[in-house]
Amino acid sequence: MPVAGAVVVPIRKDYEEMVVEKLNGLASVTVEGAGDKGIAIVLEAETADKLREISEQINQWEEVIGFELVYLNWE
């Protein structure tokens, strides 16, 4: 199962809580924490293509200015 670590960057700091709530609503996403650089998440899915779809979905949110993949592992 592919696993990825990423950082989601809200467009403004005051959107951080809203973005965290939306991320928590996604079954494949675990929020690990939030800091000055963004929100750290872990994504798990059945395939790498599904991970890409989830990543693209998050990146399209109006409240998000950036989605940075930090780590990707698949076996």
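Here, the structure is the one placed above.
Residues numbered from 1 in each chain as written. Predicted model: local features only at pLDDT ≥ 70, side-chain atom pairs only at ≥ 80, totals over all residues. Heavy atoms only, no water.

(A) Highlighting the overall build of the protein. Looking only at helices and strands, the protein has two helices and four strands in total. Ordered by position from N to C terminus, the α and β elements of the protein give β-α-β-β-α-β. Computed over C-alpha atoms, the radius of gyration of the protein comes to 11 Å, within 12% of the 11 Å expected from 2.2 N^0.38 for 75 residues, which places it in the range of a compact globule. Seen through its principal axes, the protein has C-alpha atoms that stretch 35 × 20 × 20 Å. Taking all 75 residues of the protein together, the buried fraction comes to 37%. Relative to all contacts within the protein whose residues are 6 or more apart in sequence, the contacts with residues 24 or more apart total 65%. Of the roughly 4,900 Å² that the protein leaves accessible, carbon and sulfur atoms contribute 49%. In the protein, the 6 positive side-chain charges and the 15 negative ones have mean positions that sit 5 Å from each other. (Helix = DSSP H or I, 4+ residues; strand = E, 2+ residues; numbered from the N terminus. Rg over C-alpha atoms; globule rule 2.2 N^0.38 Å. Buried < 20%, exposed > 50% of the residue type's maximum accessible area, 1.4 Å probe, protein only. Contact = heavy atoms within 4.5 Å. Areas by Shrake-Rupley, 256 points an atom, 1.4 Å probe, with all protein chains shown as cover. Lys, Arg positive; Asp, Glu negative; His and termini not counted. Charge placed at Lys NZ, Arg CZ, Asp CG, Glu CD.)

(B) Local environment of a nonpolar patch on the surface. Taken together, the side chains of Leu69, Leu72 and Trp74 define a hydrophobic patch exposed on the protein surface, amounting to about 340 Å² of accessible area. Its location among the elements puts leucine 72 in strand β4 (residues 64-73). Note on leucine 72: relative accessible area 38%, which makes it partly exposed. (Patch = residues over 30% accessible without salt bridge, like charges linked within 9 Å, V, L, I, M, F, W, Y side chains within 5 Å. Salt bridge = Lys/Arg side-chain N within 4 Å of Asp/Glu carboxyl O.)

Worth remembering: the numbers are spatial, not functional.
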